[in-house]
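# Fold and geometry: a report
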Amino acid sequence: MTNRSVRRTRRTLRLAGAGTAALLALTACSSSGGSSTAASDKSSSTKLSGTLTVFAAASLKESFTALGRQFEKQHPGTRVSFNFAGSDALAASITSGAPADVFAAASPKTMAVVTNGKDAAGSPVTFVRNRLEIATMPGNPGHVSSLKDLTRPGLKVVLCDRSVPCGAAAQKALAAGGLKLTPVSYEQDVKAALNKVELREADAAVVYTTDVKAAGGKVEGVEFPESADAINDYPIAPLKNGQNAAAAKAFIGLVRSAQGQKVLGEAGFLEP
Amino acid sequence: MTSLGKPGAAAGPRTGGPRRRRASARAPLPLLLPGVLALAFLLLPLVALLVRAPWRGLPTQLTSPEVWQALQLSLISATAATAVSLVLGVPLAWLLARTDFPGRRLVRALVTLPLVLPPVVGGVALLLALGRNGVVGQWLDSWFGITLPFTTAGVVVAEAFVAMPFLVISVEGTLRAADPRYEEAATTLGASRFTAFRRVTLPLIAPGIAAGAVLAWARALGEFGATITFAGNFPGRTQTMPLAVYLALQNDPEAAISLSLVLLTVSIAVLAGLRDRWMTPS
């Protein structure tokens, strides 16, 4: 009896172990993001229809979402699906074959990854430019008034990782000011950096002017002169792997039109 | 697609190990085919990782200080998270298995929540609870001057949050399967309930605790979402291996593959140890 129950114990244990191992495998892989909606190909030659998949830099989230809605209104029957993330992550997924129609990057360098991989269906054009700004908590309790203030000890600053355009630009601005800054974290994209200030975990973050504007009253922006040396060009290009070339062309047209530039300008972007 | 079957088919019969009682009976095709396909599906990405690994550049990649920093931090924080899980999780498992209190089933369900919660959501929840401005975190900050985000302690907290349920579930299952009469006999002989737990139950369920600990450790080692959300990403302080892999993937895929190989090796070593010691009957 005892022997038997011990054996049963062992078996239950083994089963439990195997079950948990399976769970482990499931959850371990669920963390990384990157949703991509497969575009359904129903496009006719004259009228636009079907889904348009746009991969765009995280900083474009608000303005492109608004433009996507305008596009759907102008072309009934179309649906614009966005994937907003760090430009580097988007470029990496495009070169790995993600089915996207349009790529809007926050830097020529990340766009070059796509064009060098021969994944663009046309040459990229710069449609806006963006300038860096310091985001602090509302009321600016740390009294940050310059980029140099961020190097003060005791101030928790987050930057974007160097591999992301906003991080590369921040390093450029710091170099221009001859400053050395040790942040508490290198975030994976600009919205993650901004979130840390919105949640009041960090005292300040170096983000784009447009992000400060989009955050509304949740952060306070501080402009700094060194940002003039680190202005990012935003290129946009149609993609070879896309399934809706006509809609891609029309969307890029909308982004570059006066109407599109107005939306982007209101979000704080600079003209190309 | 047809070539997919090959590596799986080759590996299939060997995984049975020494105990093959029903090997003579042929498996029915409707079970065999999907089964082999599943195996191939699970193994193929790992095989691809090995095929595409930059073997020649591997020594230089792996001896770089950044990699060692990340690996060291991963090992230390995963071990610390497992220790936290053991100290707090085993008592919780005992409470769930051996006591009866109102809402016990609900508590049990809540304990398993981090298993199904997307880790990033877990990270945000941790920020709201233990962040500098969090529900509890603001008191930690103002009373003790402790802030967890952006620190190695924060990494341990994030990893323990996702890993502890594995340990609790595993230990609770073992406790339920273990005969409570040994404990009862000990208490009738005059031992206090805690002594009975310490001297009788604990040795009895030691294999289950060890298996749970290994699973929790492996889960903590691979933790990404909660860590990057709660603890941020800074080399040497909060940048663990999975974070290093993710960020390296963006601009240096070869480095990412090398880092992945290290993690894969560690995982296989852990699972092999687990299988030999705790998952096969002696």
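Residues numbered from 1 in each chain as written. Chains lettered and ligands numbered in written order. Predicted model: local features only at pLDDT ≥ 70, side-chain atom pairs only at ≥ 80, totals over all residues.

Here we come to the overall build of chain B. Per the secondary structure count, chain B includes 15 helices and 0 strands. For chain B, the proportion of its 282 residues judged to be buried stands at 37%. Pairs at least 24 apart in sequence give 76% of the contacts found in chain B among residues at least 6 apart. (Helix = DSSP H or I, 4+ residues; strand = E, 2+ residues; numbered from the N terminus. Buried ≥ 20, exposed ≤ 12 C-beta atoms within 10 Å, placed from the backbone. Contact = placed C-beta atoms within 7 Å.)

Now for the UniProt feature "transmembrane region" (unreviewed entry) in chain B. All names here are of chain B. Residues annotated by UniProt as "transmembrane region" (unreviewed entry) correspond here to residues 29-51, 71-97, 109-130, 150-171, 200-218 and 255-274. Counted over residues 109-130, helix gives 86% and strand 0%. Its end C-alpha atoms are 22 Å apart. Summarising residues 200-218: 95% helix, 0% strand, and an end-to-end C-alpha distance of 28 Å. (UniProt positions renumbered as here; feature names shortened; annotations may be inferred.)

Moving on, we get to helix 7 (residues 119-130) of chain B. Residues and elements named next belong to chain B. When the terminal C-alpha atoms of helix 7 are compared, their 16 Å separation across 12 residues agrees well with the 16 Å that a helix rising 1.5 Å per residue should span. Considered for burial, the residues of helix 7 that qualify are Pro119, Gly122, Gly123, Leu126, Leu127 and Leu130. Buried residues of helix 7 fall within an arc of 145° about the axis and therefore sit on the same side. (Expected span 1.5 Å × (residues − 1). Arc of directions from axis to C-beta.)

All names here are of chain B. The end-to-end C-alpha distance of helix 9 (residues 152-177), which contains 26 residues, comes to 37 Å, matching closely the 38 Å that a straight helix rising 1.5 Å per residue would cover. Alanine 163 marks where helix 9 bends most, by close to 35°; the proline proline 165 follows one to four residues later. With 23 of 26 residues buried, helix 9 is to be regarded as a mostly interior element. (Bend = angle between axes of the 7 residues up to and from the residue.)

Residue and element names in this part refer to chain A. Confidence in the prediction of chain A, expressed as mean pLDDT, is 83, and 83% of residues score 70 or more. Predicted confidence is poor over residues 4-13, with pLDDT under 50, and the contacts of this stretch with residues over four places away or in other chains come to 12 contacts. Confidence drops under a pLDDT of 50 for residues 15-45, and excluding neighbours within four residues, the segment shows 64 contacts in the predicted structure. (pLDDT = per-residue confidence, 0-100.)

It is worth spelling out the sheet that holds strand 1 (residues 50-57) of chain A at this point. Residue and element names in this part refer to chain A. One open sheet accounts for 5 strands, arranged 2-1-3-10-4; its pairing is mixed. Looking along the sheet, the strands with just one partner apiece sit at the ends: strand 2 (78-85) and strand 4 (125-130). On average, adjacent strands in this sheet sit at an angle of 20° to one another, irrespective of strand direction. In terms of strand pairing, strand 3 (residues 102-104) meets strand 10 (residues 232-238) through 3 bridges, oriented antiparallel. Opposite valine 102, over in strand 10, you have proline 238 as the bridge partner. Along the sheet, helix 2 (residues 61-74) contacts strand 1 and strand 2; its crossing angle with strand 2, the most-contacted strand, is approximately 170°. (Pairing = 2+ DSSP bridges. Axes fitted to C-alpha atoms, helices over the stretch in contact; angles between N-to-C directions.)

The next subject is the pairing of strand 5 (residues 132-136) of chain A. Residue and element names in this part refer to chain A. Within strand 5, 5 of the 5 residues are buried, which leaves it mostly tucked inside the rest of the structure. Of the two faces of strand 5, both are covered, the one formed by Leu132, Ile134 and Thr136 as well as the one formed by Glu133 and Ala135. Here strand 5 pairs with strand 8 (residues 204-208) via 5 bridges, running antiparallel. From the neighbouring strand, alanine 135 faces strand 8, where its bridge partner is alanine 205.

All names here are of chain B. Here leucine 128 shows up in helix 7. For leucine 128, a count of 14 C-beta atoms within 10 Å corresponds to the partly exposed category. For leucine 128 and glutamine 138, which are 10 residues apart along the polypeptide, the C-alpha to C-alpha distance reads 9.9 Å. With residues up to four places along the chain from it excluded, the contact list for leucine 128 reads Gly134 and Val135.

Time to look at the packing of helix 9 of chain B against helix 12 (residues 206-222) of chain B. All names here are of chain B. One can describe the packing of helix 9 onto helix 12 by two numbers: an axis separation of 8 Å at closest approach and a directional angle of 160°. Taken together, the axis directions place helix 9 and helix 12 in an arrangement best described as roughly antiparallel. Where helix 9 crosses over helix 12, the handedness of that crossing is right-handed. The segment helix 9 lies against helix 12, with Glu159, Val162, Ala163, Met164, Phe166, Leu167, Ser170, Val171 and Thr174 engaging Gly208, Ile209, Ala211, Gly212, Ala213, Leu215, Ala216, Arg219 and Ala220. Looking at side-chain class alone, the contact of helix 9 with helix 12 contains 12 nonpolar, 4 polar and 2 charged residues. (Parallel < 35°, antiparallel > 145°, perpendicular 65-115°, else oblique. Left-handed = near helix turned anticlockwise from the far one by under 90°. Nonpolar A, V, L, I, M, F, W, Y, C, P; charged D, E, K, R; others polar.)

This part takes up the UniProt feature "binding site: molybdate" (unreviewed entry) in chain A. Residues and elements named next belong to chain A. According to UniProt, the "binding site: molybdate" (unreviewed entry) feature falls on Ser59, Ser87, Val190 and Tyr208. Spanning 150 residues, the annotated positions come together in the fold, the maximum distance between their C-alpha atoms being 14.0 Å. Relative to the elements of secondary structure, serine 59 occurs in the loop between strand 1 and helix 2. The contacts of serine 59, once residues within four sequence positions are left out, are Ala106, Asn130, Val190, Tyr208, Thr210 and Asp211. As for its position among the elements, tyrosine 208 is in strand 8. Since 31 C-beta atoms lie within 10 Å of it, tyrosine 208 is described here as buried.

Attention shifts here to the pairing of strand 6 (residues 157-160) of chain A. All names here are of chain A. Side chains Val157 and Leu159 of strand 6 all project onto a buried face; the interleaved residues Val158 and Cys160 project onto the opposite face, where all are buried too. Relative to strand 7 (residues 185-187), strand 6 is paired through 3 bridges, and the arrangement is parallel. For cysteine 160, the partnering residue across the bridge sits in strand 7 and is glutamate 187. In this region the chain leaves strand 6, passes through helix 5 (residues 165-176) and returns to the parallel neighbour strand 7; the handedness of that crossover is right-handed. (Right-handed = clockwise from strand over helix to strand, strands pointing away.)

Residues and elements named next belong to chain A. Read from one edge of the open sheet, 5 strands run 7-6-8-5-9, paired in mixed fashion. In this open sheet, the two edge strands, each paired with only one partner strand, are strand 7 and strand 9 (220-222). With direction set aside, neighbouring strand axes in the sheet form an average angle of 35°. Lying over the sheet, helix 5 contacts strand 5, strand 6, strand 7 and strand 8, oriented at roughly 115° with respect to strand 6. Running over the sheet, helix 6 (residues 190-198) touches strand 5, strand 6, strand 7 and strand 8 and is turned about 145° from strand 8.

The next thing to look at is the domain arrangement of chain A. Residues and elements named next belong to chain A. Taken domain by domain, chain A comprises domain 1 (50-129 + 233-266) and domain 2 (132-230). Centre-to-centre, using C-alpha coordinates, domain 1 lies 26 Å away from domain 2. Contacts between domain 1 and domain 2 engage 12 residues on the former and 13 residues on the latter. (Domains from an automatic or database assignment.)

What follows concerns the confidence of the model for chain B. All names here are of chain B. Counting all residues, the mean pLDDT for chain B is 84, and 88% of those residues have values of 70 or more. Of all secondary-structure elements in chain B, the lowest mean pLDDT belongs to helix 1 (residues 5-11), at 41, while helix 9 reaches the highest, 94. Taken together, the stretch residues 1-17 has pLDDT below 50 and engages in 18 contacts with residues farther than four places along the chain or on a different chain.

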